[in-house]
Amino acid sequence: MRAEKGRAVGSEVRFRSVDLARSAGVSTQQIRNYEESGVLPPASRTESGYRVFEEVHRQALLAFRALLKGYGPVTATPVMRRVHGGDVPGALALVDAAHAALHEERVALRAADEALRALAGAGPVASSRPALRIGEVAALLGVRTSALRVWEAAGLLTPRRERGTGYRLFDPADVRDARLVHTLRSSHYLFDRIRPVLDGLRREGSSEALRVALVARGEALTARTRAMLEGAGALHSYLGLVAAGDSARNPAEGSAGDPAGGSDRGSDRSSAGGRTGVPTRGHTGSPAGDSAGD
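Residues numbered from 1 in each chain as written. Predicted model: local features only at pLDDT ≥ 70, side-chain atom pairs only at ≥ 80, totals over all residues. Heavy atoms only, no water.

**A short note on the overall build of the chain**
Then step 1. What the chain contains, in helices and strands, is 11 helices and 7 strands.
Then step 2. Looking at the chain residue by residue over its 294 residues, the buried ones come to 39%.
Then step 3. Sequence separation of at least 24 residues holds for 65% of the intrachain contacts in the chain that already meet a minimum separation of 6.
Then step 4. Split by element, the accessible area of the chain, about 15300 Å² in all, is 54% carbon and sulfur. (Helix = DSSP H or I, 4+ residues; strand = E, 2+ residues; numbered from the N terminus. Buried < 20%, exposed > 50% of the residue type's maximum accessible area, 1.4 Å probe, protein only. Contact = heavy atoms within 4.5 Å. Areas by Shrake-Rupley, 256 points an atom, 1.4 Å probe, with all protein chains shown as cover.)

Spelled out as structure tokens, the structure:
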């Protein structure tokens, strides 16, 4: 017989796959996929093979769905898998890496903003000639010609060559790019941080268009930060539930002479998904009912 929705069994509330799915607005197939992939802890089974979930599964689902909003599936999925595999430090390392990557995006955004401010404060190229040679650009910016050659070799500048002589010719857009590179290098930005700024400027076509794009990007980063904070909070709450379950299962931490916390630990984890805490994977049970809409 299927478990009824929210039916209390002893001190526990049991859920069917459909109950869990409705609580998160997902399909029952997604719930099955989550359980099979380790995003949810393993569920116990009825004699007919239907999955039976408990409160720990509901909390795991809520934590995962919150993580998805800020971190995306590439990070959220292995985070939950590591938690359920007993590797909480590894899960938190993935969270740290995601925050570090977001910080790098903010640094790049700040670099682009500084570059645009420098452009806005600079006057037009004072020259009646259609293009400038490398020595003229170097004098205009106050740098050595060797610096311009290094920037070109790094792919930051792409001046055209004069026919016949092969001399570098810097059009106004090239002078603008050189000015950007000089400004950012003076602020100790590395080439890898400067290149995206130039690519964005060339792609958008103007400094104003790039500024609009940067504002939108900044707003997106802020929204993502808030979502990550929400996801991290949900994960923190879930880890507290997991830790409480572990303590309840092993109050003496194996003080009875068994370093694993008691000879019946394995059966406790596989019996009903664990009354508290997170059961380990590898539970047994009849596969019947997997495709019967549980």
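**Details of the sheet that holds strand E5 (residues 132-133)**
Then step 1. Pairing in this open sheet of 3 strands is antiparallel, and the strands run E5-E7-E6 from one edge to the other. In this open sheet, the two strands that pair with only one neighbour each are E5 and strand E6 (160-161).
Then step 2. Here E5 runs beside strand E7 (residues 168-170); their pairing, made up of 2 bridges, is antiparallel. Bridging from a neighbouring strand, leucine 132 pairs with phenylalanine 170 of E7. (Pairing = 2+ DSSP bridges.)

**Some remarks on the packing of aromatic side chains**
Two measures describe an aromatic ring pair: the distance that separates the ring centres and the angle between the ring planes.
Then step 1. Counting across every chain of the model gives 1 aromatic pair.
Then step 2. Plain terms: the ring middles of tyrosine 34 and phenylalanine 64 are 5.0 Å apart, the flat faces sit at 70° to each other, and that makes the pair edge-to-face. Separated by 30 residues along the polypeptide, tyrosine 34 in helix H2 (residues 28-37) and phenylalanine 64 in helix H3 (residues 55-71) bring together distant segments of the chain. With respect to burial, tyrosine 34 and phenylalanine 64 carry one shared label: buried. (Phe/Tyr/Trp six-rings, centres within 6.5 Å; stacked < 30°, edge-to-face > 60°.)

**Concerning the confidence of the model for the chain**
Then step 1. Averaged over all residues, the pLDDT of the chain is 79; the fraction at 70 or higher stands at 76%.
Then step 2. Confidence, read as mean pLDDT per element, is least for helix H11 (residues 265-271) in the chain (38) and greatest for helix H4 (residues 73-84) (96).
Then step 3. Here residues 7-11 is modelled with pLDDT under 50, and outside its nearest four sequence neighbours on either side it reaches 7 contacts, counting other chains as well.
Then step 4. Within the model, pLDDT remains below 50 along residues 254-276, and this stretch shows 30 contacts once partners closer than five positions in the same chain are excluded. (pLDDT = per-residue confidence, 0-100.)

**Observations regarding the packing of helix H6 (residues 134-141) against helix H7 (residues 145-153)**
Then step 1. Their axes nearest at 8 Å, the elements H6 and H7 cross at an angle of 105°. Classed by the angle they form, the pair H6 and H7 counts as roughly perpendicular. Contacts between H6 and H7 involve Ile134, Gly135, Val137, Ala138 and Leu141 from the former and Thr145, Leu148 and Arg149 from the latter.
Then step 2. Residue composition of the contact of H6 with H7, by class: 5 nonpolar, 2 polar and 1 charged. (Axes fitted to C-alpha atoms, helices over the stretch in contact; angles between N-to-C directions. Parallel < 35°, antiparallel > 145°, perpendicular 65-115°, else oblique. Nonpolar A, V, L, I, M, F, W, Y, C, P; charged D, E, K, R; others polar.)

**Some details on the nonpolar core**
Then step 1. Judged by nonpolar contacts, the single largest core of 60 residues is most densely connected at Ile31, Leu40, Met80, Val137, Leu148, Leu235 and Tyr238.
Then step 2. Ranked by residues supplied to this core, first place goes to helix H5 (residues 88-121) with 10 residues.
Then step 3. Apart from the residues within four sequence positions on either side, valine 137 is in contact with Leu132, Leu148, Phe170, Val175 and Ala178. (Core = buried A, V, L, I, M, F, W, Y, C linked by side-chain atoms within 4.5 Å.)

**So, H6**
Then step 1. Those residues of H6 that sit buried are Ile134, Val137, Ala138 and Leu141. Buried residues of H6, viewed axially, fall in a sector of 100°; they line one side.
Then step 2. Against E5, H7, E7 and helix H8 (172-186) lie the buried residues of H6.
Then step 3. Positioned one or two residues after H6, glycine 142 has a phi angle of 75°, which is positive. (Arc of directions from axis to C-beta.)

**So, the pattern of salt bridges**
Then step 1. Taken as a whole and assessed by the stated rule, the structure comprises 13 salt bridges.
Then step 2. The salt bridge involving arginine 168 is made with glutamate 152; its shortest N-O contact spans 2.4 Å. Pair noted here: arginine 168 is in strand E7 and glutamate 152 is in helix H7, with a separation of 16 residues, a long-range link. Each member of the pair, arginine 168 as well as glutamate 152, carries the same accessibility label: buried.
Then step 3. A salt bridge links arginine 160 to aspartate 171; its shortest N-O distance comes to 3.1 Å. Here arginine 160, found in strand E6, pairs with aspartate 171, found in the loop between E7 and H8; they are 11 residues apart in sequence, far enough to count as distant.
Then step 4. Its relative accessible area of 41% is what places arginine 160 among the partly exposed residues.
Then step 5. A single network of salt bridges, built from pairs that share partners, joins Glu35, Glu36 and Arg51. (Salt bridge = Lys/Arg side-chain N within 4 Å of Asp/Glu carboxyl O.)

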